[in-house]
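Structural characterization, general
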There are 6 protein chains.
Amino acid sequence: MKPPRLLLVNAFQLSEGAYALRPHDGPREALVMDYANVAHLLADTEWTAHPGARATHGDWPVETREEFLIVGANRVRIVREACESKQYDAIVLLGGGDPGFLECRDIGRRHGIPVTSCAHAQMHLATMLGHRFGVIDISEQHNTQMAQLVVQYRFTEHCVAVRNINHPLPRPTHDGPQSIAEEKARALRGEPSAMLDAAVAAGESAILEDGAETLILGCSAAYWMRPLIEARLREAGWDVPVLEGYSCAIEMARMLLRLGRDASGLAFPSDPPRRWRPRRVV
Amino acid sequence: MKPPRLLLVNAFQLSEGAYALRPHDGPREALVMDYANVAHLLADTEWTAHPGARATHGDWPVETREEFLIVGANRVRIVREACESKQYDAIVLLGGGDPGFLECRDIGRRHGIPVTSCAHAQMHLATMLGHRFGVIDISEQHNTQMAQLVVQYRFTEHCVAVRNINHPLPRPTHDGPQSIAEEKARALRGEPSAMLDAAVAAGESAILEDGAETLILGCSAAYWMRPLIEARLREAGWDVPVLEGYSCAIEMARMLLRLGRDASGLAFPSDPPRRWRPRRVV
Amino acid sequence: MKPPRLLLVNAFQLSEGAYALRPHDGPREALVMDYANVAHLLADTEWTAHPGARATHGDWPVETREEFLIVGANRVRIVREACESKQYDAIVLLGGGDPGFLECRDIGRRHGIPVTSCAHAQMHLATMLGHRFGVIDISEQHNTQMAQLVVQYRFTEHCVAVRNINHPLPRPTHDGPQSIAEEKARALRGEPSAMLDAAVAAGESAILEDGAETLILGCSAAYWMRPLIEARLREAGWDVPVLEGYSCAIEMARMLLRLGRDASGLAFPSDPPRRWRPRRVV
Amino acid sequence: MKPPRLLLVNAFQLSEGAYALRPHDGPREALVMDYANVAHLLADTEWTAHPGARATHGDWPVETREEFLIVGANRVRIVREACESKQYDAIVLLGGGDPGFLECRDIGRRHGIPVTSCAHAQMHLATMLGHRFGVIDISEQHNTQMAQLVVQYRFTEHCVAVRNINHPLPRPTHDGPQSIAEEKARALRGEPSAMLDAAVAAGESAILEDGAETLILGCSAAYWMRPLIEARLREAGWDVPVLEGYSCAIEMARMLLRLGRDASGLAFPSDPPRRWRPRRVV
Amino acid sequence: MKPPRLLLVNAFQLSEGAYALRPHDGPREALVMDYANVAHLLADTEWTAHPGARATHGDWPVETREEFLIVGANRVRIVREACESKQYDAIVLLGGGDPGFLECRDIGRRHGIPVTSCAHAQMHLATMLGHRFGVIDISEQHNTQMAQLVVQYRFTEHCVAVRNINHPLPRPTHDGPQSIAEEKARALRGEPSAMLDAAVAAGESAILEDGAETLILGCSAAYWMRPLIEARLREAGWDVPVLEGYSCAIEMARMLLRLGRDASGLAFPSDPPRRWRPRRVV
Amino acid sequence: MKPPRLLLVNAFQLSEGAYALRPHDGPREALVMDYANVAHLLADTEWTAHPGARATHGDWPVETREEFLIVGANRVRIVREACESKQYDAIVLLGGGDPGFLECRDIGRRHGIPVTSCAHAQMHLATMLGHRFGVIDISEQHNTQMAQLVVQYRFTEHCVAVRNINHPLPRPTHDGPQSIAEEKARALRGEPSAMLDAAVAAGESAILEDGAETLILGCSAAYWMRPLIEARLREAGWDVPVLEGYSCAIEMARMLLRLGRDASGLAFPSDPPRRWRPRRVV
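Reading guide: rules and limits
Residues numbered from 1 in each chain as written. Chains lettered and ligands numbered in written order. Predicted model: local features only at pLDDT ≥ 70, side-chain atom pairs only at ≥ 80, totals over all residues. UniProt positions renumbered as here; feature names shortened; annotations may be inferred. Core = buried A, V, L, I, M, F, W, Y, C linked by C-beta atoms within 7 Å. Buried ≥ 20, exposed ≤ 12 C-beta atoms within 10 Å, placed from the backbone. Contact = placed C-beta atoms within 7 Å. Domains from an automatic or database assignment. Helix = DSSP H or I, 4+ residues; strand = E, 2+ residues; numbered from the N terminus. Nonpolar A, V, L, I, M, F, W, Y, C, P; charged D, E, K, R; others polar. Pairing = 2+ DSSP bridges. Least-squares fit on C-alpha atoms with pLDDT ≥ 70 in both.

Chain A carries the name Hydantoin racemase in an unreviewed UniProt entry, which gives Neoroseomonas terrae as its organism. Here is the UniProt Sequence similarities (unreviewed entry) comment for chain A, exactly as written: "Belongs to the HyuE racemase family."

Here's what the structure looks like:
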C-alpha cells in the first residue's frame with residue numbers, strides 16, 4: 001500500500017507567543033506538540049500539519065464549552081477545504097477536547113475520507129485493551145468537556161471517572177500558580193513535578209478506587225506525561241496502559257484507511273441521503 | 001411575583017424571503033413562529049424576540065451537524081450580550097435542534113439567568129407525563145441532530161425512536177417535491193396534508209410499535225402540527241400528549257425562575273470554579 | 001390565565017399533639033409545614049390545604065413500607081373526592097415519601113387534573129439542573145422508601161445515592177436521643193444543630209464522593225433545612241442547588257396546568273381504555 | 001427436614017358469587033384457583049389457605065393501581081397476624097399483581113419468615129431459565145400493574161414486553177363480550193377459545209418479535225392457560241417454558257426455607273435497624 | 001414426589017495429595033468439600049459424587065482463564081456421559097468458577113436434565129434476597145473469572161464489586177505465605193484467622209462502601225467461611241445473608257426439578273433446532 | 001517500522017476433505033479462507049498460518065457451545081507455544097466464534113504479544129464506524145455463540161440483533177438442503193444464491209427494523225459474502241459498512257503493535273500479579 005497522505009489539523013491558532021506549549025506556526029514538526037512521541041508513527045506516511053484556524057474566542061487556549069464550540073466551528077471550514085482539495089487520504093484532528101469532530105467527520109464521510117480525533121480515538125483504543133478506562137485531566141472546565149465527549153461518544157459504561165489534577169491552561173480566568181509549561185520543563189529535566197505527581201496519584205486512585213483498567217489523558221497539554229505516568233505506575237506495580245491522543249488518532253486513521261473505511265453512512269448520512277429510514281433508534 | 005422579562009432568541013436569521021415559514025425580521029410577534037399557539041403563555045410576561053444571528057453557513061435553514069455547529073457558535077454571542085445587558089430574567093432559545101444550547105446555558109449560569117431550549121424542554125416535559133417518548137421529525141439530517149441531542153441530554157432510556165416523516169426543509173440539497181410551507185397552508189385550511197398524515201401515522205407507529213407514551217416534535221418547522229396530530233390521534237383512540245418546543249421552553253423558564261433556579265453550578269461550573277473536584281463521575 | 005385552584009393534601013393526619021412538626025389541624029397556613037418557604041409561590045393561586053386522612057397505621061409519622069402503603073390507600077379516597085368535587089385545577093400531595101402518588105395520579109388523569117408529589121417533583125427538577133442528584137434523608141426506613149421511589153420513577157441512572165443522616169421521626173421504634181423538632185428549633189435560632197451539620201456533611205460527600213450535581217431532601221420533616229444546607233455548601237465553595245418538595249410540587253403543578261397537561265393517557269390508561277395496545281414496552 | 005407449614009393468602013375476598021373464577025370461601029382446596037396444577041407441590045407440605053381480606057375497593061376483581069393499593073393495604077394486616085401467630089414457616093401470596101408484596105415481605109423479614117408472591121417468583125424463575133422473558137397478560141389496566149412490578153423488582157432488562165390479550169376481568173368498567181370464565185370452560189372442554197388462541201399468538205410474537213426466551217403469565221385469572229399455551233407452542237416448534245405464579249411462589253418459598261433464608265436485612269431493614277448505613281446505593 | 005437422584009460433579013481431580021482441601025477420591029461424602037454444611041440438604045435425595053475429570057492443565061487447583069477453559073472442556077464429557085446414562089434427575093456442578101457450566105447446561109437441556117452450578121446459583125439466590133450482591137473472593141486471577149461469570153450470566157447491574165482477600169490457592173505461581181488450608185484449620189479450631197478477618201472486613205466494606213445487600217463467595221475453597229462471616233457480621237450489626245455455592249446449586253436443582261424445568265429451549269437451542277428464529281435479541 | 005511477524009491460527013483442523021470451505025493443510029495461502037480478500041493487508045507483513053489444532057470434538061465444523069469450548073481448549077496450547085517460541089510479534093485467531101480468545105489473550109499478555117480475534121475485532125471496528133451494529137449469521141447454534149460473545153465482550157448496548165439466515169455448517173445434525181459451499185460457488189460465479197439473498201434481506205431488516213448502522217458477519221464460513229452484501233445494499237441505497245473478521249483482526253493486531261500495546265494488565269492480570277487490588281468493579 002502507498003504511504004497514506006495525512007493532514008494533521010490543530011484545534012486553533014493563537015497569536016505568536018500567546019501559548020507556551022505550542023508555537024503558533026513553523027515547520028510541520030513544530031506544529032505537532034511533543035512531536036518526538038509520534039515521529040515513528042508518522043515516518044511511513046506523507047504528512048502535513050495545519051496550525052489551526054485563527055482563534056476568534058480570544059487569544060488563549062480553550063477550556064469552556066463556549067470556547068470549544070467557537071473553535072470547533074472555525075475548524076470545520078479547514079476540514080471542508082482539505083477534503084475538497086483531494087490532497088489527503090485521512091485527516092487527524094489534534095487537541096484533547098475534539099472541537100468540531102463529529103461535524104468534521106460528517107464532512108469527511110461525504111468525501112470518503114476518514115477523520116479521527118484525539119479523545120475519540122483514545123476511548124476506542126482504551127476499550128480494546130480493557131473494559132473500563134479512567135480519564136486524567138487538567139481542570140474543572142476541561143473535565144466538563146471531556147465528560148460531555150464521553151456521553152456523546154457513548155462511552156458512559158466504560159468511563160469510570162474523570163480525575164482532575166487541577167492544572168488549568170494559561171487563561172485570563174486562571175490566576176493560580178500552576179503552570180503546565182513549567183511543570184513539563186521540570187519533569188523532562190528529571191526534576192520533581194507537582195503536576196506529574198498529581199497525575200500519578202490520580203492514576204492510582206483511578207485503578208484502586210474507580211476500577212480503571214486503562215488510563216487516557218484529557219487535555220493535549222497533558223499528553224507529554226503519558227510515558228512518565230505509565231513508567232511511574234509500572235514501578236508501583238500496576239501494568240496499566242496509559243494512552244495519549246495523537247498516536248491513537250494517527251493509528252486509528254491508518255487502520256480505517258487500510259480497511260477502506262471512514263464512517264457508517266447511516267450514522268453520518270449524506271446530504272441529501274440516497275435513501276431515508278422511517279425510524280431511527282437512538 | 002413580577003412578570004418575568006423573557007428574551008426569545010431565534011436560531012438564525014436568513015435574508016429577507018429566504019425562508020417561507022419565518023420572516024427574517026419584524027415585530028416581536030412575527031418573529032415567533034406560530035405565535036398564536038404560545039400567545040397565552042407570553043401574555044403575563046414582558047417578552048422580547050431576537051431574530052437570531054445572521055446566518056454564516058449559507059442562506060437556508062439548518063439541518064446538518066456542520067450547520068448546527070456554525071449557527072450555535074453565532075447564537076452564543078447574542079446570549080452573552082443579552083446576559084450582560086441585565087435586561088432579561090430568562091432566555092428562551094427557539095428552534096428544534098437546540099444549536100448552542102449547552103454553551104448558552106453555561107453563560108446564563110454565570111449570570112444567574114436560566115436559559116431553556118426547545119428540544120431539551122420537550123424531553124423533560126415528556127418524561128414528566130410518561131416514561132417513554134417518541135420524536136416525530138422531518139428528515140434524515142435533522143433526525144441525526146435530534147438523536148445527538150437525546151444522547152447529549154441523556155434521554156436514551158426514554159426515547160423510543162425518532163420517526164422520520166421525510167419532509168426536509170427548503171435547502172439546496174433538497175430537491176424533492178415536499179414543501180413544509182405548502183403542507184402547513186393546506187392543513188391550516190382544513191385540506192388534506194401528506195405531511196400531517198405522515199406525522200399522524202408516525203405517531204401511531206410510535207405508540208403501537210415503539211411503545212411511546214408521549215410524542216414530541218423535532219424540527220420547529222413541524223411545531224404547527226402539534227394540536228392537529230394530538231386531535232387526530234385522540235380521534236383514533238389514543239390519549240397521547242403531543243408536545244412542541246416553544247411552549248415547553250417558555251414554561252420551563254418560568255418554573256425555573258419562580259423556583260429561583262437556573263442550572264447546577266457543578267454541571268455548569270463557573271470559570272474559574274470557586275472550588276474544584278478531584279473526581280468527576282460521568 | 002386565571003389563578004389556579006390548588007388543593008394541597010397532607011400525607012396523613014395524626015391526633016392532636018402527636019407530631020410536633022405539623023399541627024393536626026388549623027388554618028390552611030398551619031397545615032403547610034414551613035409555610036414561609038412557599039408562601040410566595042402560593043400567593044398568586046387560590047389554594048386550600050387538607051390535613052390528610054386520619055392515620056390508621058398508628059398515631060405516629062410513617063417510615064416503613066407498610067405504613068406508607070396504608071396511608072397511601074387512605075389518601076387515595078381524599079383525592080378521588082377532590083377530583084369529583086370539580087373545585088380544584090390541580091392537586092399537590094405533600095410529604096416526602098409520596099404515599100399513594102401514582103394511584104392518585106391515575107385518578108387525576110381520569111378527571112384531567114394534574115396531581116404532583118414532593119419526591120417525584122424534586123427528582124424531575126433536579127435532573128433539569130444537572131444529570132445526577134443525591135438524596136439527603138433521615139433514617140434507614142425512610143431511605144428504603146426513597147430508594148423505592150427512585151426505582152419506581154425510574155431515576156436510578158440519575159440518583160447517585162441516598163445519604164442517611166440518621167435522625168428518625170418520633171415513633172415507637174425510635175428510642176434514640178435525636179429529635180428533629182429540637183434540631184429544627186435550634187438551627188432556626190441560629191444555634192448549632194447536629195442534624196444540620198450531618199446534612200451539610202452528607203451533601204459534601206454526595207458532591208465529592210458520589211458525584212451529585214444537585215441535592216434533594218427525602219423526608220418532608222427535613223425540608224426546613226433546604227436554604228440552610230444550600231447556604232452552608234455555598235460558603236464551602238459549592239454552587240449546588242438544594243431542593244425541597246413543596247415548592248417543586250407546587251410549581252410542577254402550575255407548569256402542567258399552564259401547558260394544559262396532567263399525565264399521558266398511555267402511562268395512566270383510563271378505565272376502561274378507549275383503545276388497547278397489544279404490546280407494552282416496560 | 002420437616003414438611004414446611006405454608007400459608008397461602010389470596011389477594012382479596014369478594015362477596016359470594018361475585019367472581020366466577022374463585023369461590024369466596026370454602027375448603028382450602030377451593031381457595032386455591034386451579035388447585036390441580038399445584039396439588040403435587042403442596043402434597044409434602046402442611047398448608048393452609050386464607051380467602052383474603054374482605055375487599056373494600058368494591059365487589060369486583062382488581063385491575064387498577066388504586067384497587068391494587070387498597071387490597072394490598074388490606075392484605076398486610078393478614079400477613080402481620082399470620083407472622084405473629086407463629087403457625088407458619090412461610091407465606092405465599094396468591095394473585096398475579098402482587099398487591100402488598102414488598103410490605104408483607106418486610107413484615108416477614110422481621111419475623112424470619114419468607115414471604116413469596118406470584119409475579120415476583122415467576123420473574124426470578126424465568127431468568128433462571130433464560131435471560132429474557134415476555135409477559136402475557138389480560139388488559140390495559142392489568143398490564144400497567146405488571147409493568148410497574150417489572151420496574152419495582154428491577155427486571156426491566158429482562159422483560160421484553162407485556163403482551164395484552166385483552167380479556168379484562170369482570171368489572172363494572174368492563175362491558176365487552178370477553179368472559180374469562182367462559183373461555184376457560186370452553187378451553188378445558190377442549191373447544192376452541194379465543195382467549196387461548198390470543199395467548200398462543202401473543203406467545204409466538206413474544207418469541208419471534210420481542211426475543212422472549214421464557215413466558216410468564218400476568219393475572220392469576222390467566223394461570224389456567226399455562227400448560228395449554230406451552231403445549232400449543234411446543235407443537236409449533238418452540239421449546240419455550242411457560243410459567244404461572246402459584247407453583248413458582250410455592251417452590252421459591254420452599255427453597256428459601258430449606259436454605260434458611262427469607263430476605264436480606266439490608267434490603268428490608270428491621271425497625272429500628274440494629275445499625276444504620278450512611279449511604280444507600282439505589 | 002420421589003427423592004431426586006442428583007449427581008454432584010467436582011471441577012477437576014488432582015493426583016493424590018496434591019490439594020489439601022479436597023481428597024482426590026474416596027466415599028461420596030469425602031468428595032463434597034465441607035460436607036457437613038450441605039448434609040441436611042442431601043439427606044432427602046439419592047445422590048452420587050464424581051471426583052471430576054483428571055486435570056490436564058497441571059496438578060494444581062485452577063485460577064487462570066486458561067485453566068478454567070481446560071478443566072471445563074474436560075468436565076463436559078463427564079456430564080454428557082451422565083446424561084446419557086439416564087441415572088440422574090439433575091446434575092450439580094461443584095466449584096466456584098463454574099468451569100464448563102453453560103456448555104454442560106446445553107447438554108443437560110437436550111436430555112431434559114437440569115444442570116446447576118455454584119456461582120450461577122448463588123447469584124440467582126442473592127438477587128432473590130436483595131437487589132445488589134458483593135462477591136468475596138480469594139485472588140486476582142480468581143477475581144477475573146468471577147467477574148467474567150458476572151458478565152456472562154448478566155448480573156452486572158446486581159454485582160457491586162468483587163472484593164479480593166488475597167489468599168490464592170496453592171499453585172506453582174503462588175509463593176506467598178498465605179495458606180487457605182491452614183487458615184481454615186485455625187478458624188475451625190476457633191483461633192484467629194487472617195483470611196477470615198480479611199473476609200469479614202471485605203464484607204463490611206461491601207456493605208458500607210459498595211452497597212451490597214447480600215454476599216456471595218467466589219472460590220469454593222472459601223465456602224467454609226460462610227457461616228463464620230455471617231455470624232461475625234451479624235455481631236457487628238449487619239443482617240446480611242452470606243451464601244455459598246453448594247447449597248444454592250443443590251436447592252436450585254431441586255426447585256427446577258419440582259417445577260419440571262431445566263432451561264429454556266430458546267436460550268439453549270437443541271441441535272438441530274426444531275425451528276429457527278430469524279432474529280435473536282442479545 | 002519493521003514488517004510485523006504475524007501468526008494466523010485457524011480454529012481447528014479437520015481431517016482431509018471433511019470440510020469443503022477450508023483445506024485441512026497446505027501452503028499458508030490455502031489455510032486462510034478467502035485469502036484474496038486479505039492478501040493486500042498481509043503483503044507488508046511476515047506472516048505464517050497454522051492449520052489449527054486437530055479437532056477432538058468430532059470431524060466437522062463447530063457450532064455448539066460444547067464444540068467451541070473443546071476447540072478453544074485445544075487452541076490455547078498452540079498459542080502458548082507460539083508465544084514461547086518468540087517468533088511472532090502478534091497472533092491473529094481465525095474463525096468467527098472466537099474459540100479460546102480471552103484465554104489466548106491472557107497468554108499473549110504475559111508475553112507482551114497482542115492476540116486478536118475475528119468477532120472481537122469486528123465489533124470494535126463496527127463501533128468505530130457507528131454506534132449500533134447488526135450481526136448476520138448462519139444458524140441457531142452459531143447465533144447462540146455470537147450472542148454469548150456480544151455479552152462477554154460487553155457490546156450488548158451496541159448489538160441490535162443477530163439475524164439468522166439459516167444456512168448451518170455441514171454437520172451430522174444438519175440434514176437440510178442448504179450448502180454453504182454450493183451457495184458460495186454459485187454466488188462467485190455470479191449466479192443467484194439463496195444464502196446471499198437471505199443475507200442481503202437480513203441486512204436490510206437490520207437497518208430498517210433493528211437500527212443497525214454497521215453490519216458484521218458471524219461465522220467465518222459467511223465472510224466471503226462481505227463485498228457482495230455491501231455492494232447489493234449500496235445498490236439499494238444504503239451506505240452501510242459490512243465487515244468480516246480476518247481483515248479486522250489483522251489490522252487491529254497491526255494497530256496494537258504500532259502503538260506498543262497488547263492488553264491491559266489489569267484486565268488480564270499476570271500470574272502471580274505484581275500487585276493485587278482489594279476491589280474489582282465488574
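**Some points on the nonpolar core**
In this structure, A:I91, B:I91, C:I91, D:I91, E:I91 and F:I91 are the most contacted members of the largest nonpolar core, which totals 618 residues. In this structure A:I91 touches A:L7, A:V9, A:V79, A:A82, A:G108, A:I113 and A:V115, once residues within four positions along its chain are discounted.

**Some thoughts on the domain arrangement of chain A**
Residues and elements named next belong to chain A. Domain parsing of chain A yields domain 1 (5-119 + 246-258) and domain 2 (130-244). Centre-to-centre separation of domain 1 and domain 2, based on C-alpha positions: 21 Å. Taken together, the 20 residues of domain 1 in the interface contact 22 residues of domain 2. No other element matches the three residues that helix α10 (residues 245-258) contributes to the side of domain 1 that touches domain 2. Looking at the side of domain 1 that touches domain 2 residue by residue, the classes come out as 11 nonpolar, five polar and four charged.

**Regarding the interface of chain C and chain D**
Contact residues are listed per partner, giving 43 residues for chain C and 42 residues for chain D. The set of elements that each furnish at least two residues to the side of chain C that touches chain D consists of α3 (65-85), α4 (101-111), α6 (140-152), β6 (159-164) and β9 (279-280) of chain C. With eight residues, the single largest contributor to the side of chain C that touches chain D is α6(C). Partitioning the side of chain C that touches chain D into residue classes produces 20 nonpolar, 12 polar and 11 charged. Note: β9(C) against strand β6 (residues 159-164) of chain D, two bridges, orientation antiparallel. Bridge pairing in β6(D) links C:R279 to D:R163.

**What to know about the relation of the copies chain E and chain D**
The transformation that overlays chain E on chain D combines an axial shift of 0.0 Å with a rotation of 180 degrees, and the residual RMSD is 0.0 Å. On this basis, the relationship between the two copies can be described by a two-fold rotation axis. It is E:M255 whose C-alpha, among those of chain E, lies nearest the rotation axis, at 3.4 Å. A shared interface surface links the copies, since 100% of the contact residues of chain E are contact residues in chain D too.

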